[in-house]
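# A look at the structure
Okay, here's what each chain looks like letter by letter:
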Amino acid sequence: MQRREFVVSALAATTAATLWADLNRLARAQGKAAAASDPLFDAVCDLVIPDSDTPGAKRAGVARFLVLALAHGIAGSATEDRHRLEAVLNGASHGDFVSLSRVKQHDVLEAVDAAAYGTPDSVWPRIKGLILMGYYTSEIGATQELRYQLVPGRFDPDVSQGPSDRAFSNDWTGQRF
Amino acid sequence: MTPQFDAIVIGSGITGGWAAKELTEKGLKVLMIERGRHIEHIKDYTTETKAPWEMPFRGFGDRRDYPVQSQGREFDEWSQPHFVNDRENPYQTDPGAPFTWIRSYQLGGRSLVWGRQSYRWSDVDFGANKLDGHGVDWPIRYRDVAPWYDHVENFIGVSGSREGLPQLPDGQFQPPMALNVVERSLKQQIEHAYPDRKLIIGRVANLTEPKVGRAPCQYRSICARGCSYGAYFSTQSSTLPAARATGNLTLLTDHVVERIDYDARSGRATGVRALDTHSRQGVSYSARLVFLCAGAFNSVGVLLRSTSEKYPSGLGNSGDVLGRYIMDHANTLSAVGTVPGFEGHTTFGNRPTGIVIPRFRNVSQTDHRFLRGYSYQGGAYQGEYPRGASSPGIGLALKQELRAPGPWHFALVGFAECLPRAENRITLDTKAKEPNGLAQLKIRLEFGENEKALLADAAEQAKAMIGLGGGNIGLSLGAPGTPGTAIHEMGGARMGLDPATSILNGRNQAHEVSNLFVTDGACMASSACQNPSLTYMALTVRAADYAVTQLKAGSI
């Protein structure tokens, strides 16, 4: 069984807890140090939030969050979303999206992204949203790309925002008002 | 036989905690019964300081067992342990008439997760039923409650600004939290354009100055996880320590009250029968006084279950009032729009309150399009990283754009007064049972034309006011959201002057059962348009004072 197929069947058949155990068993069986990843999810994570002066979504492990999110229906997602995403990207690629060069993957995804917002029931905005959620709630995204301060200790109602000042990731995990 | 306790308090939430505090401090031996589990202050706030990456689902949670609770704005993966599991706590509604019933079955109840907005009612509210004939006249007026508002505010700590508004009386406030830079600007523009309107900071039960055993707010705005600083009012942070300090409190968790026992010969409540929620074993407790504080709809449920030969349709229900005239504020996102001109400005810290625009309809002038009024809550905020998913863009440019706070927006959520109507009611379902064997509640609450007219006007006015900032309106809704989503459910055992048309008198005392007091939202005869919890607290301490006086005098 190919790993991708394994992941899909596992998503359909197991809970997240057993899924993670299965994925980790598979990774160990394949002699990998880290838990299994998904090439399709890794690719789109890297394209949406790439490495810059901070690690991007692929290095932050967001693909694994996507697997978890879809298995648990987070933000209205469903396990079928991965099939739908793959079909959209392969269709736009006229072939296997994952096999394309990174440059070509970028062009395909950029076109899919641009079209998705005018397409009712498109799966892509939901996946993209999950990538952002996964990245900015990861330790890398929350503390390196943005700033994280659980206990601000005060409220300053008007602070100058410089061009290089980063947002606080904990602003989102707190209640807005 | 001598009763086991002087008083039994049913429920440990906002009003139950207050009843326990007041009654124990007045020397009564009190049993407080809570249906949910024990949660100890600080020790049991297990998710409070966890970072998103330390949570199993990054803070979003697996919500499949929480389809109702997750509609509440305080719900997330951190606070999920403070809400009921919907699958395990079913209730009934009519097809096509949903009701969102947000509940917290635990020590402290919803005091752990409440929105903390704390507003006095005025005689605009207490006089409303008499003025237009909808509902029965309140047997009390503002002067009856004012000193008890003082008492409550001084103890719990409410931060807010003094405004001198007749429709929203000032209280015993700690220093207010600050309006942010955009809110200050819109305040000036709105108040200049509309002299009858005010934009003020929300009055909130978060401390800006310390109290004994409690530290000021740290501006995390993660209150619903539980606050180890004790910076917001909850049973755990405030009333329970006070009640425990008396040595007069007995606390019983994991027991749901099945019924209040009634002795027809004496015409008094004699105690309660409760079920151990784990073993399902029944147990009875006796007392001289019963305070019912189980949360509005569950308190009504207890009364409906407390049938007897004299009261076959529920305790104290000689007429056909019990369960009827339930209400919730009709609410919706009246408008949200952008506010340009504040690029380069941001804020630091997370303020646990927003702004309020108090009611301005039917206050100084009569508006013939609808009865009563609405108020707004909301505020100015900057978009955060989720905004990246709402429009095209990928790659380094997207990452760079999301690195900074987003554009400023201003949102106004309208809360409209809900008229009391007999057809909006709670009944006991004749077939469906809770897992503990008790009959499920059936909740029927639909908004009428007046609520719809109020929110339609609220949308138009919100668009006009936000538009003063020069931005674009992104979304404006004029129809009410699902009933229950304001989480201000109330009524069902209303106060009134006439035992034929009300359950309780002006002291929250059952007309026909002198040692039974119902002091949570069930007692409400109208809904006003401001958050009701502070009024529940004031009515509870007022009732407790009266009850103890009468008890000691041998009158009840």
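Reading the values: the criteria
- Residues numbered from 1 in each chain as written.
- Chains lettered and ligands numbered in written order.
- Predicted model: local features only at pLDDT ≥ 70, side-chain atom pairs only at ≥ 80, totals over all residues.
- Heavy atoms only, no water.
- Phe/Tyr/Trp six-rings, centres within 6.5 Å; stacked < 30°, edge-to-face > 60°.
- Buried < 20%, exposed > 50% of the residue type's maximum accessible area, 1.4 Å probe, protein only.
- Helix = DSSP H or I, 4+ residues; strand = E, 2+ residues; numbered from the N terminus.
- Pairing = 2+ DSSP bridges.
- Contact = heavy atoms within 4.5 Å.
- Axes fitted to C-alpha atoms, helices over the stretch in contact; angles between N-to-C directions.
- Buried area = accessible area lost by both parts, 1.4 Å probe.
- Salt bridge = Lys/Arg side-chain N within 4 Å of Asp/Glu carboxyl O.
- Polar contact = N/O pair within 3.5 Å; in protein donor to acceptor, adjacent residues only side chain to side chain.
- Nonpolar A, V, L, I, M, F, W, Y, C, P; charged D, E, K, R; others polar.
- 1 Å grid on protein atoms, 1.4 Å probe; cavity = no way out; pocket = protein on both sides within 12 Å on 5 of 7 lines; lining within 4 Å.
- Points joined across faces, edges and corners; volume = space filled by probe spheres on them.

This part covers the packing of aromatic side chains. Residues and elements named next belong to chain B. In total, this model carries 25 aromatic pairs over all chains according to the counting rule given. Considering the side-chain rings of Tyr66 and Phe75, the 5.5 Å spacing of their centres and the 40° angle between planes classify their relative orientation as tilted. Taking the relative accessible area as the measure of exposure, Tyr66 reaches 12% and is therefore buried. By relative accessible area, Phe75 is classed as buried at 4%. Ring plane angle 40° and centroid distance 5.6 Å describe the contact between Phe99 and Phe297, whose orientation is recorded as tilted. Here Phe297 lies in helix α7 (residues 296-305) and Phe99 lies in the loop between β3 (92-93) and α2 (123-126), a separation of 198 residues in the sequence. In this structure, Phe99 and Phe297 share a single accessibility class: buried.

Moving on to the sheet that holds strand β18 (residues 473-475) of chain B. All names here are of chain B. Judged by pairing direction, the sheet is antiparallel, and its six strands sit side by side in the order β6-β13-β14-β15-β11-β18 without closing on themselves. Both outer strands of the open sheet, β6 (200-201) and β18, are each paired with one neighbouring strand and no more. Here helix α5 (residues 181-193) sits on the sheet and contacts β13 (355-357), β14 (374-382) and β15 (408-416); the angle it forms with β15, its principal contact strand, is near 60°. Most of the contacts of helix α9 (residues 449-467) go to strand β11 (residues 330-338), to which it runs at about 15°, and overall it touches β11, β13, β14, β15 and β18.

Before going further, it helps to spend a moment on the sheet that holds strand β16 (residues 425-433) of chain B. Residue and element names in this part refer to chain B. In space, the three strands of this open sheet follow the order β3-β17-β16, with mixed pairing throughout. Edge positions in the sheet fall to β3 and β16, since each has one partner strand and no second. Seen against the sheet, α7 touches β16 and β17 (439-444) and runs at an angle of roughly 65° to β16.

Here we take up the pairing of strand β20 (residues 513-518) of chain B. Residues and elements named next belong to chain B. Burial analysis of β20 places five of its six residues in the buried class, the great majority of the element. The pairing of strand β10 (residues 282-292) with β20 spans three bridges and is classified as parallel. Across the sheet, the residue bridging to Leu292 is Val518, located in β20. For strand β19 (residues 509-510) and β20, the ladder comprises two bridges, and the chain directions are antiparallel.

Taken residue by residue, the interface counts 61 residues in chain B and 64 residues in chain A. Of all residues in chain B, Phe348(B), Tyr385(B) and Arg403(B) bury the most surface against chain A, accounting for 16% of the area lost on that side. Taken together, chain B and chain A are joined by three salt bridges. Between Arg403(B) and Asp53(A) there is a salt bridge, with its nearest N and O atoms 2.8 Å apart. Linking chain B with chain A are 29 residue pairs in polar contact (both at pLDDT 80 or more). For the side of chain B that touches chain A, the class distribution of residues is 26 nonpolar, 21 polar and 14 charged. Where strand β1 (residues 156-160) of chain A meets strand β12 (residues 345-348) of chain B, three bridges bridge the pair, whose relative direction is antiparallel. Across the sheet, the residue bridging to Asp156(A) is Phe348(B), located in β12(B).

Right, let's talk about the environment of Asp132(B) for a bit. Residues and elements named next belong to chain B. Mapped onto the secondary structure, Asp132 falls in helix α3 (residues 128-132). Between the alpha carbons of Asp132 and Arg372 there is a distance of 8.9 Å; along the sequence they are 240 residues apart. Look past the residues within four positions of Asp132 in its chain and what remains in contact with it is Leu371 and Arg372. Of note is the side chain of Asp132, whose polar atom sits 2.8 Å from the side chain of Arg372.

This next bit is on empty space enclosed by the protein. All names here are of chain B. Per the stated rule, a full pass over the model turns up seven cavities of 30 Å³ or more. Reported here for the largest cavity is a volume of approximately 100 Å³. Where the lining of the largest cavity is concerned, the elements lending two or more residues are α2 and β14. For the lining of the largest cavity, the class distribution of residues is seven nonpolar, five polar and two charged. In this model, the second largest cavity occupies a volume close to 90 Å³. Together, Asn206, Cys217, Gln218, Arg220, Ser221, Ile222, Cys223, Cys227, Tyr229, Ala231 and Tyr232 line the second largest cavity. Here the residues of the lining of the second largest cavity are counted per class, giving seven nonpolar, three polar and one charged.

Going through the model one piece at a time under the given rule, you end up with 51 salt bridges over all chains. Here Arg166(A) and Glu145(A) are joined by a salt bridge, their closest N and O atoms 3.7 Å apart. Of this pair, Arg166(A) sits in the loop between β1 and α9 (170-173) while Glu145(A) is found in helix α8 (residues 139-145), placing the two residues 21 residues apart along the sequence. The buried category is assigned to Glu145(A), whose relative accessible area is 0%. Asp132(B) is the salt-bridge partner of Arg372(B), the closest N and O atoms lying 2.8 Å from each other. Placement of the pair is Arg372(B) in the loop between β13 and β14 and Asp132(B) in helix α3, with a sequence separation of 240 residues. One network of salt bridges, with partners in common, ties together Asp53(A), Glu145(A), Arg166(A) and Arg403(B).

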